[in-house]
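Examining the three-dimensional arrangement
Below are the chains, spelled out letter by letter.
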Amino acid sequence: MAGLALLAVIIGVVAAAPLLARHDPDQQNLLHVLAGPSGSYPLGTDDLGRDAWARLLFAGRADLAIGFAAVIAPFILGTVLGLIAGYLGGWVDAVIMRVLDIVVAFPFYVLVIAIVFALGAGVGSIFLAITAVAWVSYARIIRGEVLVAKRLGYVQAARAAGLSSPRILLRHLTPNVLGQAVIYAMSDIVLTILAVVTLGYLGLGVQPPTPEWGAMMQTGEAYLSIHPWLATAPGIAVVLTGLALSLIGDGLSAELGSS
Amino acid sequence: MSRYIAGRLAQFVLVLLGVTLATFALLHLVPGNPARTLLGAHATAAEVALLDREWGLSRPLPAQYADYLVRLLHGNLGTSIYYQVPVSTLIGRALPVTLAMLAVGAFFGIAAAIPLALLAAVRQGRAADHAVRILPLVGLGMPPFWVGFILLIVFSLTVRLFPAGGYGTTPAQHLESLILPGLTVAAVTTPILVRSLRLALVDVLGSDFVIAATARGLARWRVLVRHGLRNALVPAVSVLAVNLGYLLGGSVVIENVFGLPGVGSLLLTGIFNRDFDIVQSVTLIYALLVVLINLGADLAYAALDPRVVLGR
């Protein structure tokens with residue numbers, strides 16, 4: 001509940017960004033750079049004289065939207081591959097699992113960074129890179145659930161009744177094995193937002209001048225000693241978002257009765 | 001036992017081959033002609049042709065992959081376009097820094113996680129437990145580099161206790177430079193470790209032999225440490241091994257924040273200089289590190305625990 005409330009507040013604030021900020025997030029004012037916080041500029045201005053508070057709010061739009069969207073493709077890809085591997089078994093399972101072994105051999109960030117580098121920085125590359133790496137967790141979870149469910153009465157019964165494999169997979173197995181993957185997706189959104197922010201910090205993500213939390217922290221890093229809030233405030237936004245999503249995930253897994 | 005080891009080694013070789021296939025494919029993900037794209041608009045036709053020939057881009061793909069494998073087997077990780085030195089030299093220089101940082105980080109992480117998990121497990125369901133259980137929820141949402149910023153602001157810019165960056169030249173300076181990065185690594189490690197260690201402890205503390213030990217009248221701390229902690233550490237550390245890839249990946253950015261000349265910084269300079277051989281080989285080295293540590297952990301586990309079942 002606390003998680004949902006916090007997330008609602010964050011989304012509300014981000015959605016109402018034009019009302020809560022007094023300045024255009026992209027409006028530069030080179031006569032007013034690196035100013036301290038004031039009534040008109042609650043977080044001061046950045047190195048180009050842009051309102052840090054307005055950028056913080058508008059950046060939330062990019063990070064939340066990309067973070068949520070980038071979870072969908074790995075979820076679907078991993079679920080489909082997990083279903084196929086678990087249900088068919090045999091060489092199909094073996095091939096999918098060996099590919100999975102290879103992907104998990106790479107540290108998550110290293111592979112994502114390398115793929116985004118190869119493809120060229122930008123939002124499209126982020127989606128592709130995260131999908132190529134993050135599907136493995138879903139495939140693993142779903143495959144495990146399918147292996148268990150396959151032995152249960154309802155699947156056996158459906159098979160004995162002569163239902164086709166696609167029908168059993170879609171109508172009977174999928175609704176029953178999806179729960180754990182949905183729970184995992186909640187914590188995966190946190191990791192995905194972190195990845196988007198990290199890529200932004202490295203200059204590989206959302207390209208300027210679009211405000212983004214990671215890119216803001218990169219800008220702020222140079223002024224850590226004189227204007228620490230420029231780099232720390234976007235981080236606080238990330239932590240609060242992560243906390244809200246983790247609390248929801250925790251509540252969800254307690255609700256669905258798993259440890 | 002020997003069958004298990006043989007099977008595990010075969011799997012290791014297979015994964016390693018797959019990993020090289022993936023790093024090989026990386027070059028071909030580059031849109032257009034990789035040599036032209038990576039060299040940028042200012043490159044002359046001759047420069048592009050030279051890189052083209054070096055990478056053997058005009059040869060059929062299977063032949064290119066075979067060349068790549070042969071090259072790797074000779075220990076040739078390519079040459080940095082930017083530094084004009086073998087990539088293996090650069091990695092050899094950087095790897096000890098990364099490993100030292102991870103060791104310091106693991107030390108801090110374990111040192112923080114054990115008392116926290118013990119506290120939570122003993123006070124299960126009470127305020128202290130709830131406080132410790134919130135920790136992973138906050139901790140997992142923190143960007144590692146942001147934790148680095150906070151530590152820099154507090155311990156380097158406000159209280160001038162530690163250097164703000166660099167690695168120094170003497171071993172004492174090295175150690176001093178590793179404290180803040182180590183703490184940052186620990187900030188990422190501790191939440192994962194606390195969560196699994198607490199669960200394992202709660203499990204162990206409810207088991208018969210712990211109840212029996214308490215009934216025999218052993219001192220409380222003795223039961224906790226000798227019986228509880230000892231048995232809870234194995235599952236907790238294996239959770240750490242499972243998350244190794246995530247932790248190693250996070251260290252890339254941490255090195256960058258503190259200006260440590262490790263493998264992560266090497267990867268990022270490779271990216272900024274569009275130095276493909278560095279990016280490709282560092283990616284490969286990271287995977288090699290993960291696969292080797294996992295293999296070592298599995299074999300050590302099989303040797304230590306007679307109950308480990310053969311096969312998967």
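Residues numbered from 1 in each chain as written. Chains lettered and ligands numbered in written order. Predicted model: local features only at pLDDT ≥ 70, side-chain atom pairs only at ≥ 80, totals over all residues.

Moving on to the overall build of chain A. When you go through chain A residue by residue, the secondary structure sums to 10 helices and zero strands. Start at the N end of chain A and walk to the C end: the helices and strands fall as α-α-α-α-α-α-α-α-α-α. Oriented by its inertia axes, the alpha-carbon framework of chain A measures out at about 75 × 40 × 25 Å. Per-residue burial for chain A yields a buried fraction of 47% across its 259 residues. (Helix = DSSP H or I, 4+ residues; strand = E, 2+ residues; numbered from the N terminus. Buried ≥ 20, exposed ≤ 12 C-beta atoms within 10 Å, placed from the backbone.)

Moving on: the overall build of chain B. Across its full length, chain B holds 13 helices and zero strands. Secondary structure elements in chain B, listed N-terminal to C-terminal, are α-α-α-α-α-α-α-α-α-α-α-α-α. When its C-alpha atoms are laid out on the principal axes, chain B stretches across 80 × 60 × 35 Å. Residues counted as buried form 37% of the 312 residues belonging to chain B. Of all intrachain contacts in chain B linking residues separated by at least 6 positions in sequence, the fraction that spans at least 24 positions is 69%. (Contact = placed C-beta atoms within 7 Å.)

Residue and element names in this part refer to chain B. Phi is positive for Q84, which is not a glycine, with a value near 60 degrees. Residue class for Q84 comes out exposed when judged on the 7 C-beta atoms lying within 10 Å of it. For R274, which is not glycine, the phi dihedral falls at a positive 50 degrees. Relative to the assigned elements, R274 resides in the loop between α12 (263-272) and α13 (276-304). Judged by the 16 C-beta atoms lying within 10 Å of it, R274 is partly exposed.

Residues and elements named next belong to chain B. Splitting chain B by domain gives domain 1 (12-73) and domain 2 (93-304). Computed from C-alpha coordinates alone, the two centres of domain 1 and domain 2 are separated by 35 Å. In this complex, domain 1 contributes 10 residues to the contact, which on the side of domain 2 involves eight residues. Here the side of domain 1 that touches domain 2 gets eight residues from one element, more than from any other, and that element is helix α1 (residues 2-29). (Domains from an automatic or database assignment.)

What follows covers the nonpolar core. Ranked by internal contacts, the top residues of the largest apolar core, which has 138 residues, are V112(A), I113(A) and L267(B). When residues of this core are assigned to domains, at least three map to each of domain 1 (12-73) and domain 2 (93-304) of chain B. Setting aside residues up to four positions removed in sequence, I113(A) forms contacts with L202(A), L204(A), L267(B) and I271(B). (Core = buried A, V, L, I, M, F, W, Y, C linked by C-beta atoms within 7 Å.)

Taken together, the 40 residues of chain A in the interface contact 38 residues of chain B. Within the residue set of the side of chain A that touches chain B, elements represented by two or more residues are α4 (90-105), α5 (108-119), α8 (165-201), α9 (213-221) and α10 (228-255) of chain A. With 12 residues, α10(A) is the single largest residue contributor to the side of chain A that touches chain B. Here the side of chain A that touches chain B is composed, by residue class, of 28 nonpolar, eight polar and four charged. (Nonpolar A, V, L, I, M, F, W, Y, C, P; charged D, E, K, R; others polar.)

On to the environment of A231(A). As for its placement among the helices and strands, A231(A) is situated in helix α10. The sequence separation of A231(A) and D46(A) amounts to 185 residues, and the corresponding C-alpha distance is 10.0 Å. Setting aside chain neighbours within four positions, we find A231(A) in contact with M217(A), G220(A), E221(A), L224(A) and F149(B).

Right, let's talk about the packing of helix α8 (residues 171-205) of chain B against helix α10 (residues 220-242) of chain B for a bit. All names here are of chain B. Relative orientation of the contacting elements α8 and α10 amounts to 140 degrees, with a least axis distance of 8 Å. Considering how the two elements wind past one another, α8 and α10 form a crossing that is right-handed. Every residue of α10 that contacts α8 at I192, L193, S196, L197, A200, L201, V204 and L205 is listed here: G228, N231, A232, P235, A236, V239 and L240. (Axes fitted to C-alpha atoms, helices over the stretch in contact; angles between N-to-C directions. Left-handed = near helix turned anticlockwise from the far one by under 90°.)

Residue and element names in this part refer to chain B. Of all 10 residues making up α12, nine are buried, and the element is well covered by its neighbours. Considered for burial, the residues of α12 that qualify are V263, G264, S265, L266, L267, L268, T269, G270 and I271. In the segment just after α12, R274 is the residue with positive phi, at about 50 degrees.

Residue and element names in this part refer to chain B. Here helix α11 (residues 244-258) spans 21 Å end to end across 15 residues, near enough to the 21 Å set by a 1.5 Å rise per residue. Counting buried residues in α11 gives 13 out of 15 residues, a clear majority hidden from the surface. Within two residues after α11, G259 carries a phi angle of roughly 60 degrees, on the positive side. (Expected span 1.5 Å × (residues − 1).)

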